[in-house]
Each structure stands twice: as C-alpha cells, then as structure tokens.
Amino acid sequence: MSSMSSVAGLSKYITTLPKTKFSIIGMLVLSFLLGSVIYLIDLIPNTGIIEDFFAGGLFGLAVFGFTSIMSGALNQQVISVLHGINLKIKHSMFLSALSMTILGIVVILGCVISQIFKVDIFLNSMLFGCVLIYGFNTLVFWTTSKVRFSIAAITGLIQPALILSMYTLITFLFIDTSFLGPEILQITIKAIVAAVIFVMAIYTFITVIASPFNKNLGIGALDLLSLFIAHMNEGSNSLEGLFENMSEAIETIVTFISFKTENGIKALFISPSVHPGPLGDLGGSNMPTILANKFDHFTMVAHGPSTHDFNPIAVSEIDKVEASVRRGLEKVEYSPSASKFIRYNSEKANIGVQFFNKGMVILSTFAPEAVDDIEFGVGLTMMAQSRSRCHVKDSIIVDCHNSFSEESGEVLPGNAEVFQLIDVIDTINPDQNKYDIKIGCYEDNMGALNKHDGIGESGIKTMIVEVDNQRTAYVLFDSNNMEIGFRQEIIDAVSDLDIDEIEVMTTDTHTVNTISRGYNPVGIVKRPEIIKFVRLSIQEALLDLEKVEVGTGTEKIKNLNTFGPKNSTELISTISSVVAVSRIIAPVLLITALLIVFVWLFYGGL
C-alpha cells in the first residue's frame, strides 16, 4: 500500500451527518429521558415515579434540550459571521446533540455515585460535564472551522454557559432558593478555573502536533484539516491553494495511440505518466474524465506509470497534459498496420503486447497477485527496454491496475517486480507480422452505479481491436484499482462472446475515494451488475467495428506542478510523526488535565 494512499484512506473517517431536524428531535427526546433518569435516581427525594418521570423530563428539556438547540443555532451563526468554514447548521446541531449526550452521561454517573455513597456531587458532575463539552466544542471549532483559537474558545462557551444558566434559573425558581449568594460566586470561580485548565491543555496539544507542518512544509496543520473537511463535505477545491505552497514542477511524458478514419480521428488511447490523485475532486483525481472530455472523439485515459508523487496540485494542471497530447497528434504518421495481441509472462509479471504502426502498447499486470502503482522511473526503464528490443519509436506502457488488496505495494526501483518486468519484456518477439486493422468503440457511464460502487464519472469504456480476424477487447473502468480476483471473473464471464482476447484495466481515478471505505476498488460490491455492463459494452463495440489507420506518439509534459517526490515524502513522514507523537502526548496531557480538573471541582475548596 502506498504512503499517499494511506493518507487518502483517512477519508473513511468522514461520514454523513443526520439532517438538522433529526438532531433537534433527538435532542428533545434524549433530554427528556435524561432528565427523567436523573429524577428517578432521586434528585428530589420523596416523590413518586410518575412525578419524577414527568417533572424530570421537563427539567431535562429545559436544562439540556432547549439550551442545546439554542447553542446549535448560535454556534453556527457566530462561526459563520466570523468567517469560519465547514460549520453548517446540521453540523452545529449534531455537535450540540453529541455534547449534550456527553454531559448527560456524566451527570447520570454523578447521580448514581451520589446514591451509592450518600454524597451530593450532582452540581460537581454538572460542572465537570460542562468543562468536558467546553473543551470538546473548542477543539472541534478550532481544528475544523479555520478560526483563531480565541474565537473557538469563546464560541465553545455558548452551550455550557446556556446550560448552567438555565440550571441556575430552574434551581432558584423551583428547587432551592438559597442557591444564590456566596455559593454561586464560588461555583463560578471553580468552573472558570477548571475550564481554563482544560482548554489550555488542548491548546498545548494542538500547538505541539501542528508545529512540524509549519516547520517542514510551511503549511498550517489546522488549515490543512479544515480545507480537507471542506472538500469532503462541500466539494471545495480551496485545498489546492494550500498545495501550491508545497508543489514541485516536474517534467514527465504522455504516450498515446491515435486511430483515424477518412472522417478524422475515431479514437484515442492515452497513457499519461501523471497520477490521478490525491482524492475526491482535488488536483488530478478526476483526470481520466476531465482529460477525455477535452477531446471530441472517443478517448480512453489509461493509468500510466506514476505514483502519488506525480499528483497534479490543481485541476488546471490537466490542461498541460491536453496540450502535450495535441502537440503530439500534429506529428503522428498513420498507416493501416498492426500486429496481433500476444501475452508474455515472467514469474509474477504478465504483459499483453500489440504493435501499432511504428509503436507498441504494453499492458502490464501482476494479477492474480496484488500490486499498486508502477513508479515513473520503472516505467521509463520499461519504455527504453521495449523500444530497444522491438525497434519501435513509441512504447505505450499501461499499468492495468487491476488486482488490489490493502496490502498492495508500489513497484519501486529495487523491488523484485522491476526485474520481472524487465525479464518479461526481453521475451517479446519483435518480428510480428502486420495486418490491416479495425476498431470498434463503446462507452457507458454506468448510470445505475456510482462512486459508492467503485465507479467514477466515466463508467466503462471498451475498444475492440481486430487484426487478421483476432479480436481483442480493451476494457477500461473509471475506478481506483480492482478487487483481487475480479479481473479473472470478468474474463471468464465473457468467454462466450465473439472475442479472442481481453484485458481489463482501471483508470485509478481517486474520485471514488471520498466515501466511508477510503479504499474503494471496483468489484467489492455489485459484481453481477458490473459484469452485465462489460458484456454489453463488448457487444456494442463489436457492432462499431470499422477500418482505421493508426499512429502512436510520445510527448513531454513540461512544468507540471505536482506534489513531487520530496514534498510527498515530507508530507507522509510529517503526518506519520504527528500520529506517533499524538499517541503519546494526547493521553498523557489530556488525561492529566482532566484529573486536575476533577480534583479541583470535586475536592477543591473556596
């Protein structure tokens, strides 16, 4: 599994929150039940069960429910007015509901302990719970809303302040009129000191873990987190602006095959050494669809040799890939000659080879073994090796990206897989007979399926290549890899169709990585439905067969702004170090602060 893919996998922790009305209804119901339980545990002695249930329920509604709903509305307004991001009304209401639940659990535990040990710690429990939710709210606002700590700390006070104020009012009016006086001043001071202790522990923790991002990458950790959440929740591309601060301009290449009839280009098969990442719609994540849509004819954008180091930092960088392809198309020489499709293998490495005019395509896969991206340097070696052995002008290397497990690793210099690829290229027979060529094309966005099923915007694209009565199906899913074993299942499922060979590929689009699984290769779900689309696409492409001329090309892409090897590695190592340090600092610092707060509230005297 690649390091950057591990970061992309963090998207699995982003989840869809309930609608506002469900949070509000939940707070009303839960607050009533919390109040009833508190009273039934005997907050007010010598009263009946029915009276406790309804009186406690009203107490809970007033103290916990109404105040939490008010805070949900106020929090969202305050953050919005102060130019914070991400906190929509449904997020704010859910946060208030969650905080209310935390407070309710703490108070109920306090009531239980009061009954068991015959001590009155109800108020202490209320204060301790309010300090907890104050710190929790402050942490959420500060880390996700792109606001200053002072604003987050002030906004975080709203819910506990409303709850304590309502409790004071209810107590004075209906329970204990002696509550006001010197005692309320003592309680206020204790609460303020406890809140300051806990929130400063949170401030210290976040400051410590954020400092490596500023030092190593020149970016704010909280900006990174806030903008990442904004992208996941709203599709905002503001995070690309942050990436610009750590981008690196590189030179890479794009290779392609062009098929034309007397009416012009019929189809393009493009393999850019540019990685379609990092995730969602950021950078080049949707490159296979965006690049294909820039051309007026059928266009397949396969996965060329590249890793997350070659992720474009902005969608606009894809224009440079398009420009390079168009420059290359102006130089293409066409002829109606191609060879048959032949497979070769060496240990785990398997390739499918077909010659087109003065070039060749190599479809590389390690299936049924699980492997991730082929690194650019390895791809260049494959190109040089195949051009030298086969005496061709262009070698179009395709990483079929069709056999994945969570243990999949990239093919990097020094890996055994590199030498297996070199060895298998050495077995290619360069002296292949050439024949006239026909192709047929078909594409379907697979509208019944979506990113939750591992299918990106372009769905499926199929091209049938017919040479000397041999028909080969090039099937390309707009997906991020393929569940291990599914490739063979597809091959077996179409064996009865009028084709002789088939290879199944994925584009490696990272638009499908924005859901709960994080990793989302095609074939985890709905295999029968997907196979039906494959069969249909092959049948329709066969009906589209017509004679064409073919040419190939290789073109440099200059000044492509990407994450780059240095910054990509730095980002991963920084995140890894922060995670490692957090596992030690977080429990030590925050638990110590909570213990101090607990002792201060329950045993401190004023």
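These lines cover the structure that appears in this document, whether it is placed above or below. (Residues numbered from 1 in each chain as written. Predicted model: local features only at pLDDT ≥ 70, side-chain atom pairs only at ≥ 80, totals over all residues. Heavy atoms only, no water.)

### Some details on the sheet that holds strand β5 (residues 349-356)
Then, number 1: The strand order across the open sheet formed by 4 strands is β4-β5-β6-β7, and the pairing between neighbours is mixed. Pairing within the sheet leaves two strands with one partner each, and these edge strands are β4 (342-346) and β7 (394-399). Ignoring strand direction, the axes of neighbouring strands in this sheet form an average angle of 25 degrees.
Then, number 2: As defined by bridge partners, β5 adjoins strand β6 (residues 359-365) across 7 bridges and the pair is classed as antiparallel. When the sheet's bridge partners are listed, Val353 is paired in β6 with Ile362.
Then, number 3: With respect to the sheet, helix α13 (residues 376-390) is in contact with β5, β6 and β7, its orientation differing from that of β7 by roughly 140 degrees. (Pairing = 2+ DSSP bridges. Helix = DSSP H or I, 4+ residues; strand = E, 2+ residues; numbered from the N terminus. Axes fitted to C-alpha atoms, helices over the stretch in contact; angles between N-to-C directions. Contact = heavy atoms within 4.5 Å.)

### Considering helix α15 (residues 486-493)
Then, number 1: By the burial criterion, the buried members of α15 are Phe486, Arg487, Ile490 and Ile491. Down the axis of α15, the buried side of the element spans an arc of 145 degrees, and every buried residue falls inside it.
Then, number 2: On its buried side, α15 packs onto β4, β6, β10 (470-477), β11 (501-506) and α16 (527-543). (Buried < 20%, exposed > 50% of the residue type's maximum accessible area, 1.4 Å probe, protein only. Arc of directions from axis to C-beta.)

### Quick notes on the sheet that holds β11
Then, number 1: Across the sheet, which stays open at both edges, the 8 strands sit in the order β3-β2-β1-β12-β8-β9-β10-β11 with mixed pairing between neighbours. Every other strand in the sheet has two partners, leaving β3 (298-301) and β11 as the edge strands with one partner each. Put simply, the sheet's adjacent strands are angled 20 degrees from each other on average, direction ignored.
Then, number 2: Note: strand β1 (residues 248-261) against strand β12 (residues 546-562), 12 bridges, orientation antiparallel. Directly across from Ser258, in β12, lies its bridge partner Gly551.
Then, number 3: Taken strand by strand, helix α12 (residues 318-329) contacts β1, β2 (264-272) and β12, and its axis lies near 135 degrees from that of β12.

### Digging into helix α3 (residues 49-81)
Then, number 1: For α3, which comprises 33 residues, the first-to-last C-alpha distance of 46 Å matches the rise-based estimate of 48 Å (1.5 Å per residue) to within 8%.
Then, number 2: If you look at α3, its biggest bend is around 40 degrees, right at Leu61.
Then, number 3: Note on α3: the residue one or two positions beyond its end, His83, has a positive phi of about 70 degrees. (Expected span 1.5 Å × (residues − 1). Bend = angle between axes of the 7 residues up to and from the residue.)

### Remarks on the packing of aromatic side chains
Then, number 1: By the definition in use, this model includes 16 aromatic pairs.
Then, number 2: A ring pair is formed by Phe32 and Phe53, whose centres lie 5.5 Å apart and whose planes are at 75 degrees; its orientation type is edge-to-face. Taken as a pair, Phe32 in helix α2 (residues 20-40) and Phe53 in helix α3 lie far apart in primary sequence, 21 residues in all.
Then, number 3: Measuring from centroid to centroid gives 4.9 Å for Trp142 and Phe149, while their planes differ by 65 degrees, and the two rings are edge-to-face. Here Trp142 matches Phe149 in class, with each residue buried. (Phe/Tyr/Trp six-rings, centres within 6.5 Å; stacked < 30°, edge-to-face > 60°.)

### Thoughts on the pattern of salt bridges
Then, number 1: Under the counting rule described, the total for this entry stands at 23 salt bridges.
Then, number 2: For Arg343, the salt bridge goes to Glu501, with nearest N and O atoms at 3.0 Å. Here the residue Arg343 occupies a position in strand β4, and Glu501 occupies one in strand β11, the gap between them amounting to 158 residues.
Then, number 3: The salt bridge involving Lys526 is made with Asp453; its shortest N-O contact spans 3.5 Å. Here the residue Lys526 occupies a position in the loop between β11 and α16, and Asp453 occupies one in the loop between β8 (437-444) and β9 (460-467), the gap between them amounting to 73 residues.
Then, number 4: Accessibility expressed as a relative area gives 8% for Asp453, which makes it buried.
Then, number 5: Through salt bridges with shared partners, one network takes in Lys294, Asp319, Glu322 and Arg326. (Salt bridge = Lys/Arg side-chain N within 4 Å of Asp/Glu carboxyl O.)

### With respect to the packing of α2 against helix α4 (residues 89-117)
Then, number 1: The interhelical angle for the contact between α2 and α4, taken along N-to-C directions, is 10 degrees, at an axis separation of 9 Å. With respect to their mutual orientation, α2 and α4 come out roughly parallel. Only Ile89, Lys90, Met93, Phe94, Ser96, Ala97, Met100, Thr101, Gly104, Val107, Ile108 and Cys111 of α4 make contact with α2, whose side of the interface consists of Thr20, Ser23, Ile24, Met27, Leu30, Ser31, Leu34, Val37 and Ile38. (Parallel < 35°, antiparallel > 145°, perpendicular 65-115°, else oblique.)

### Quick notes on the packing of α15 against α16
Then, number 1: It is at 10 Å that the axes of α15 and α16 come closest, and there the two elements cross at 50 degrees. Considering the angle they form, α15 stands oblique to α16. In the packing of α15 onto α16, the handedness of the crossing is right-handed. Here α15 contributes Phe486, Glu489, Ile490 and Ala493 to the contact with α16, which in turn contributes Arg527, Ile530, Ile531, Val534 and Arg535.
Then, number 2: Residue composition of the contact of α15 with α16, by class: 6 nonpolar, no polar and 3 charged. (Left-handed = near helix turned anticlockwise from the far one by under 90°. Nonpolar A, V, L, I, M, F, W, Y, C, P; charged D, E, K, R; others polar.)

### Some points on unusual backbone geometry
Leave glycine aside and you will find that most residues have negative phi; peptide bonds, for their part, are mostly trans.
Then, number 1: The omega torsion of the bond from Gly277 to Pro278 falls at 15 degrees, within 30 degrees of zero and hence cis.
Then, number 2: Position of Pro278 relative to the elements: it lies in the loop between β2 and α11 (287-292).
Then, number 3: The peptide bond linking Ala367 to Pro368 adopts the cis configuration, its omega dihedral lying at 10 degrees.
Then, number 4: At Asn357, a position not held by glycine, the phi torsion is positive, near 55 degrees.
Then, number 5: As for its position among the elements, Asn357 is in the loop between β5 and β6.
Then, number 6: Among the residues examined, Asn357 registers a relative accessible area of 13% and is labelled buried.
Then, number 7: In this structure, Lys526 is a non-glycine residue whose phi angle is positive, near 55 degrees.

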